[in-house]
Amino acid sequence: MKNKNIITIETSLGRIFVTIVKDNQIFSKCIQSPKSIEQEINPLFEELIIEAKLNLIELNLIFVSLGPGSFTGIRIGVSAAKALSMCSGAKVIGFTNFAGIYNQFLINKKKIKIRKAEVIIKGPGNEFFKKIYTENRPGKKIFLTTQKQLFSENINKDIFKIGNFENTFKIKNFFSCMPEEKGYMNLVSKLIKKKSINKYEEPSPIYAKEHYAKKI
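Bear in mind that the values here come from a model prediction, so they are computed numbers and not experimental data.

1. Here we look at the pairing of strand β7 (residues 127–134)
For step 1, the next point in the chain: In this structure, strand β6 (residues 116–122) lies alongside β7, joined through seven bridges in antiparallel fashion. Looking at the pairing, K122 lines up with F128 of β7.
For step 2, the next point in the chain: Remark: four residues form the turn of the hairpin made by β6 and β7, two consecutive strands paired antiparallel; G125 in that turn has positive phi of roughly 60 degrees.
For step 3, the next point in the chain: Note that β7 and strand β9 (residues 143–146) share four bridges and pair antiparallel. Across the sheet, F128 pairs through a bridge with T145, a residue of β9.
For step 4, the next point in the chain: By the bridge criterion, two bridges tie β7 to strand β8 (residues 137–138) in an arrangement that is antiparallel. By the bridge assignment for β8, Y133 is matched with P138.
For step 5, the next point in the chain: Here β7 hands over to β8 after two residues, with E135 in that stretch at a positive phi of 50 degrees.

Printed below as a string of structure tokens:
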């Protein structure tokens, strides 16, 4: 991440969260429960760009959440990333909200040894999206589950459940966690090391396939 100017965009977890990294300094702004993501995201971008004194032609990389989460939020976030890319020439790299939440959890709970974890994201209605992590490695499948199923699942003390919502369902061994600056910077660092950033990749929203998930 050294000497790279970066923007991260997340608009699909019931908020607008944007971070700019310029000259290794971090600037971020968040709007919780925005009335209109489409109307509020541009003024937020402008404020943050002015604060960071960032010229768009200096921008190197744009990271954007591809979901799962709010359908509308995903579409707007990806559209904003593409628009910034067209203006700046910066490459776009997508990430999942599962990765954002999981990386933040690892930072928040450094002393906890994790063998297996389930990251759960609130979907529409009573639906939830779930991905299983084993030894810090994400599974390939995304599962679609319900509130009733979450409540009735067998409890295994070795499995941590991590979600982007408050535990009003009384799920045992559950941790509420939302990505913050440190979580995103940790994720961005991993993605830069893992992916080829010299090749443009068209960001593909997760909702585009099988209504997000395979039902269980």
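2. Some thoughts on the packing of helix α3 (residues 97–108) against helix α5 (residues 181–194)
For step 1, the next point in the chain: For the pair α3 and α5, the least separation of the axes is 8 Å and the interaxial angle reads 115 degrees. With respect to their mutual orientation, α3 and α5 come out roughly perpendicular. The way α3 lies across α5 gives a crossing that is right-handed. The residues of α5 that touch α3, namely those facing A99, G100, N103, Q104, L106 and I107, are K182, G183, Y184, N186, L187 and K190.

3. Considerations on the sheet that holds strand β5 (residues 91–95)
For step 1, the next point in the chain: An order of β3-β2-β1-β4-β5 is seen for the five strands of this open sheet, with the pairing classed as mixed. The sheet terminates laterally at β3 (25–32) and β5, the two strands that pair on one side only. Here the strands of the sheet are splayed against their neighbours by 15 degrees on average, with no regard to which way each runs.
For step 2, the next point in the chain: By the bridge criterion, five bridges tie strand β4 (residues 61–65) to β5 in an arrangement that is parallel. Within the sheet, the bridge partner assigned to I62 lies in β5 and is V92.

4. Regarding the nonpolar core
Side chains of nonpolar character tend, in soluble globular proteins, to be buried together.
For step 1, the next point in the chain: I7, I9, F45, I62, F63 and I162 are the most contacted members of the largest nonpolar core, which totals 57 residues.
For step 2, the next point in the chain: Ranked by residues supplied to this core, first place goes to helix α1 (residues 37–52) with seven residues.
For step 3, the next point in the chain: With residues up to four places along the chain from it excluded, the contact list for I7 reads V18, T19, I20, F45, L54, L59, L61, I62, F63 and L84.
For step 4, the next point in the chain: Residues I120, F128, F169 and I171 belong to the second largest nonpolar core, which totals seven residues.

Rules and cut-offs
Along each chain, residue indices are assigned from 1 in the same order as the chain's sequence is written. Reporting of local features is limited, given that this is a predicted model, to residues whose pLDDT is at least 70; pairs of side-chain atoms are given and counted only at 80 or more, and all residues count toward the totals for whole chains, interfaces and linings. Remark: hydrogens and water are excluded; side-chain values derive from all non-hydrogen atoms of the structure. Any two strands with at least two DSSP-identified bridges between them are counted as paired. Helix and strand assignments follow DSSP, with helices taken as H or I runs no shorter than four residues and strands as E runs no shorter than two, numbered in order from the N terminus. Inter-axis angles, ranging from 0 to 180 degrees, are taken between N-to-C directions of lines fitted to C-alpha atoms, where helices are fitted over the stretch in contact. For this classification, under 35 degrees means roughly parallel, over 145 means roughly antiparallel, 65 to 115 means roughly perpendicular, and everything else is oblique. In a left-handed crossing the near helix is turned counterclockwise from the far helix by less than a right angle, and in a right-handed crossing that turn is clockwise. Residue contacts follow a heavy-atom distance rule, with two residues in contact if any of their heavy atoms lie within 4.5 Å. Grouping buried Ala, Val, Leu, Ile, Met, Phe, Trp, Tyr and Cys residues that are joined through side-chain atoms within 4.5 Å yields what is termed a nonpolar core. Relative accessibility thresholds used throughout: buried, under 20% of the residue-type maximum; exposed, over 50%; partly exposed, between the two (1.4 Å probe, protein chains only).

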